[in-house]
Amino acid sequence: MYKKAEYQVIKSRLEEPRKFIQVVMGARQIGKSTVVKQVLNELSLPYRFFSADHVPTTNSAWITNSWAVTRSYMGSNRLESIILVIDEVQKISNWSEAVKKEWDDDTFYNRNIKVLLLGSSRVMLFKGLSESLTGRFEEIRMTHWSYKEMNECFGFTLDQYLFYGGYPGAATLIEDTDRYKQYIQSAIIDTTINKDILLDCPINKPALLRQTFELGSAYSGNLVSLTKMVGSLQDAGNTSTLAGYLNLLDESGMLCGLQKYSIDFARRRASIPKFQVYNNALKMVYSQLTFQQAILDRKAWGHIFESGIGAYLVSQAFIHRFEVFYWRDRNDEVDYVLRKNGSVIAIEVKSNAEKRTGGLEKFKALFKPKLALIVGDGGMSAEDFLCMNINRMF
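As the structure is a computational prediction, the values presented were derived from the model and not from experiment.

A. Local environment of the overall build of the protein. A tally of helices and strands in the protein yields 17 helices and 11 strands. Here the C-alpha atoms of the protein give a radius of gyration of 22 Å, agreeing with the 21 Å that 2.2 N^0.38 yields for 394 residues. C-alpha atoms of the protein, sized along the principal axes, occupy 70 × 45 × 45 Å. Across the protein, contacts joining residues at least 24 apart in sequence account for 71% of those joining residues at least 6 apart. For the protein, the computed accessible surface area is about 17,900 Å², with 47% contributed by carbon and sulfur atoms. On the protein, the mean spot of the 49 positive side-chain charges and the mean spot of the 43 negative ones are 4 Å from each other.

Structure representation (structure tokens):
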């Protein structure tokens, strides 16, 4: 079975002496549970695995009971150490307080119970971790599968990856368009919105949230003002409401609005957002074009190409903790600007020879980036770019 890079990280953390709660977080359907089970099956340490998937959210005692079962198993088998794994922990009300109580109790009584938590809702996980578990946990961030992973595991070509995205569960369905789109819609989009966002966040207009996602995903890779969006959406709302919904979609690993790169923070906040999906499957599920039609449509493929590169960048930004912007000054623009620890990288995505790259030169003159490169026609190939370690560029 294929092993993602996070396999070694999780394995090494669980082999270390007990010190921190390990929290594996990331979007839905990217293989978090699978890679954890791979690690558990190869470790010599005993473990107990619990999933909150079908547990009522109000059953706050469930976590305490899971811990009690683990302690009992450890004692009855006279084990020196054991691993406790709780999947979808964020679904339980007040989960972080319960975890803190049990973790601290183990620490006080020197019980060697190593804890691994998994969760698909970054919104609820971040909230619980910051409120109760500060100083007690480490994050292991996972994101959508890269081109290299989809190629090695499923034989995806570059064009297939850019069109169908990086969801392993959908990889075997691409020959049946209707079945593929149904999987993306039901297993990922509907589940994330209904279970991860609406379940925990006060949303006054659920229909508007969904419309924001659908429109933003369809326009991934494009600049669209929130004021213009308000006028095109059926449900009434305002720009502040849309901005709040966009933030929730961003925290759920679905859709973000990139800000314009500027030294002035206020100008960044006031800029028109550039919509960007975290996985191109979320964009293409709303497209009427088939894979073959998209490749033959030069203009449409240019948008798909740019959105696919952007999806890879924002997904990597989540793992490696760098910022992603765009830059524009009148007719000059740079598709993506990356920043980390004061270092700036400018990236222009060029899907055909007709696209101008004058904006890159102007950006270099104004901001003196550490690196400026073209991805695509006339520059680094998309295959090479999507296989490189972006974090090493900084």
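B. Structural view of the sheet that holds strand E5 (residues 137-141). Strand order in the open sheet made by the 5 strands is E2-E3-E4-E1-E5, with parallel pairing throughout. Strands with a single pairing partner mark the edges of an open sheet, and in this sheet they are strand E2 (47-51) and E5. Taking each pair of neighbouring strands and ignoring which way they run, the sheet shows an average axis angle of 20°. Two strands pair when backbone bridges link them, and strand E1 (residues 21-25) and E5 are joined in this way by 5 bridges, in the parallel orientation. Note that in E5 the partner of Val23 across the bridge is Glu139. Helix H4 (residues 95-108) rests against E1 and strand E4 (113-119) of the sheet, and its axis sits at about 165° to E4.

C. Inspection of the sheet that holds strand E10 (residues 343-350) at higher detail. The 4 strands are arranged E8-E9-E10-E11 in an open sheet whose pairing can be described as mixed. Strands at the two margins of the open sheet, each flanked by one partner only, are strand E8 (323-329) and strand E11 (371-376). Here the strands of the sheet are splayed against their neighbours by 30° on average, with no regard to which way each runs. Examined bridge by bridge, E10 and E11 share 6 bridges and lie parallel to one another. Within E11, the residue paired with Lys350 across the bridge is Gly376. Helix-sheet contacts for helix H15 (residues 298-320) involve E8, strand E9 (332-340), E10 and E11, and the interaxial angle to E9 is about 20°. Helix H16 (residues 358-367) rests against E8, E9, E10 and E11 of the sheet, and its axis sits at about 50° to E9.

D. How the structure looks around the pattern of salt bridges. Taken as a whole and judged by the stated rule, the model has 24 salt bridges. Two residues, Arg111 and Asp105, come together in a salt bridge whose shortest N-O distance is 2.7 Å. Relative accessible area serves as the criterion here: at 25%, Asp105 is assigned to the partly exposed category. Ionic contacts of the salt-bridge type, sharing partners, join the residues Arg71, Lys101, Glu102, Asp105, Asp106 and Arg111 into one network.

What counts, and where the lines are drawn
- Residues numbered from 1 in each chain as written.
- Predicted model: local features only at pLDDT ≥ 70, side-chain atom pairs only at ≥ 80, totals over all residues.
- Heavy atoms only, no water.
- Helix = DSSP H or I, 4+ residues; strand = E, 2+ residues; numbered from the N terminus.
- Rg over C-alpha atoms; globule rule 2.2 N^0.38 Å.
- Contact = heavy atoms within 4.5 Å.
- Areas by Shrake-Rupley, 256 points an atom, 1.4 Å probe, with all protein chains shown as cover.
- Lys, Arg positive; Asp, Glu negative; His and termini not counted.
- Charge placed at Lys NZ, Arg CZ, Asp CG, Glu CD.
- Pairing = 2+ DSSP bridges.
- Axes fitted to C-alpha atoms, helices over the stretch in contact; angles between N-to-C directions.
- Salt bridge = Lys/Arg side-chain N within 4 Å of Asp/Glu carboxyl O.
- Buried < 20%, exposed > 50% of the residue type's maximum accessible area, 1.4 Å probe, protein only.

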